[in-house]
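One letter stands for each residue in the lines below.
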Amino acid sequence: MTASDQHTRRPTLADVAKAAGVSVSTASIAFSGSGPVSDATRERVLAAAASLGYDGPDPRARSLRQGRSGVIGVVLEGSLLYAFRDPVTSITLDGVATALGPQGAGLLLLTDSGEGAATIDTAAVDAVILLGCSTRVDHSIEVFGRRDIPVVSVEGPSRPELVEVTLDNRAASVVAARHLQSLGHELVGIATLGIADGHEAGPVTDDVAIAVSVTRERLLGTREVYPDAPAYSSVHNTPEDGRRAALALLDVAASQRPTAIVAQADLLAVGVIQAVEELGLVVGVDVSVIGFDGIRIDGFAHDLTTMVQPASAKGHAAGAAVTALLAGERPDTPIAFTCELHVGSTTGPVPSS
């Protein structure tokens, strides 16, 4: 923002974020006082705000709300610290904050596990965005319904009272599996995301109930193409969980060993690749690996084949839907997004015997 700009328009949260060298969502969280933002980062954001003359959400906008808090709640699954380790969550939050910034709204991060001072039962919020695929989402929906607070759900359950932002998890997983099929792969393993709260990592057999919708939809998509593919579940979306799953899937006789592994998230795929290389196998030659998300992973040497999802656009759509709801409008729902296949170096033809 130039000096002349400062005299013609009020600085925005996006200006502050740029000056502080952080994302818009981080700047918003620094102002709200919630979430895992370090003291140094918060001070940097506040210093940038002071230098630009930004005092937080526009008080004129808040006065027009007549009795509203000017705060939008974002409910995350699990702990805040774990949620912020997931790049997709951070990117989606950035999209939310960018959409809400012009409205002068602040973000309050909540968890469905009740972590933190503010809870879903007591938080003073004008509307709520549910992020993630926790099995506790039904409880969150019930609480906010009782409090008459409008809810936007991102990749959550389908309910008539909700505005839904959806992703083609099942169809995208079919595309990923067909890519492997086109390369001649017949023996395929699946490293899944978590399947239920409190469920330990382990084989996902037909008698295992999958309570997490994203995990279930992605698994159904893969098994449309590979109905007999063995699957191994994770507890968290981390490389270590992916590594554990891959070692289990590859610990079979050579004749039954998968020539390809589908990881339901890119962070899991990183761990799958670590396991493949630990076993002395070559990624993309001996074992192909495909992920899901399309995130940038610092220090990762491979060009991962993956399904790229529009995480920032999903977040922006959720923020825009909240704005519409608070203006008395109801967006057409669902607001649907699709993934695209990126073919990198981690998938290749089935190895010759």
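All chains use their own residue numbering, which begins from 1 and follows the written sequence. The model is predicted, so local features are restricted to residues of pLDDT at least 70 and side-chain atom pairs to those at 80 or more, both for listing and for counting; the totals for chains, interfaces and linings are taken over all residues. Side-chain metrics rest on all non-hydrogen atoms present in the structure, leaving aside hydrogens and water.

- Where an unreviewed UniProt entry is consulted, the chain appears under the name Transcriptional regulator, LacI family, with the organism given as Agreia pratensis.

**Observations regarding the sheet that holds strand S4 (residues 151-154)**
Alright, step 1. Reading across the sheet, the six strands line up as S2-S1-S3-S4-S5-S12 and stay open at both edges, with parallel pairing between neighbours. The sheet terminates laterally at strand S2 (106-111) and strand S12 (335-337), the two strands that pair on one side only. For this sheet, the mean angle separating the axes of adjacent strands, direction not counted, is 15°.
Alright, step 2. By the convention used here, strands pair only if DSSP detects at least 2 bridges between them. Starting at the N terminus, helices and strands are each numbered in turn, a helix being any DSSP run of H or I of at least four residues and a strand any DSSP run of E of at least two. Strand direction decides the pairing type here: strand S1 (residues 71-76) and strand S3 (residues 127-130), joined by four bridges, are parallel. Fitted lines through C-alpha atoms serve as axes, helices being fitted only where they are in contact, and the angles separating the N-to-C directions of these axes extend from 0 to 180 degrees.

**A few points about unusual backbone geometry**
Alright, step 1. Of note, the bond from threonine 333 into proline 334 is cis; its omega dihedral lies within 30 degrees of zero at 5°.
Alright, step 2. Its location among the elements puts proline 334 in the loop between helix H13 (311-326) and S12.
Alright, step 3. With a phi angle near 55°, glutamate 155 is a residue other than glycine that sits in the positive phi range.
Alright, step 4. Accessibility here uses a 1.4 Å probe with only protein chains present; expressed as a share of the type maximum, an area under 20% marks a residue as buried, one over 50% as exposed, and anything in between as partly exposed. For glutamate 155, a relative accessible area of 14% gives the class buried.
Alright, step 5. For aspartate 293, which is not a glycine, the phi torsion comes out positive at approximately 140°.
Alright, step 6. By the element assignment, aspartate 293 lies in strand S10 (residues 288-293).

**Structural notes on the pairing of S1**
Alright, step 1. Across the six residues that make up S1, a large majority, six, are buried.
Alright, step 2. In this structure, S1 lies alongside S2, joined through six bridges in parallel fashion. Bridge pairing in S2 links valine 75 to leucine 110.

**Thoughts on the side chain of aspartate 168**
Alright, step 1. Mapped onto the elements of the fold, aspartate 168 is located in the loop between strand S5 (163-167) and helix H9 (169-182).
Alright, step 2. We define a polar contact as two N or O atoms separated by no more than 3.5 Å, with the added condition that, inside protein, one atom must be a possible hydrogen donor and the other a possible acceptor, whereas residues neighbouring each other in sequence contribute only through side-chain atom pairs. Within the structure, aspartate 168 has its side chain in polar contact with the backbone nitrogen of cysteine 339 (distance 3.0 Å).
Alright, step 3. It only takes one pair of heavy atoms within 4.5 Å for two residues to be counted as in contact. With residues near it in sequence (within four places) discarded, aspartate 168 still touches Phe337, Thr338 and Cys339.

**Some points on the sheet that holds strand S8 (residues 231-233)**
Alright, step 1. Here we have seven strands laid out as an open sheet, ordered S7-S8-S6-S9-S10-S11-S13, and mixed in their pairing. Each end of this open sheet is capped by a strand with a single partner; those strands are strand S7 (202-203) and strand S13 (340-342).
Alright, step 2. Note that strand S6 (residues 188-192) and strand S9 (residues 260-263) share four bridges and pair parallel. When the sheet's bridge partners are listed, valine 188 is paired in S9 with alanine 260.
Alright, step 3. Contacting S6, S8, S9 and S10, helix H10 (residues 213-225) crosses the sheet at an angle of about 175° to S6.
Alright, step 4. On top of the sheet, helix H12 (residues 266-278) reaches S6, S9, S10 and strand S11 (305-308); it is set at about 160° to S10, its chief contact.

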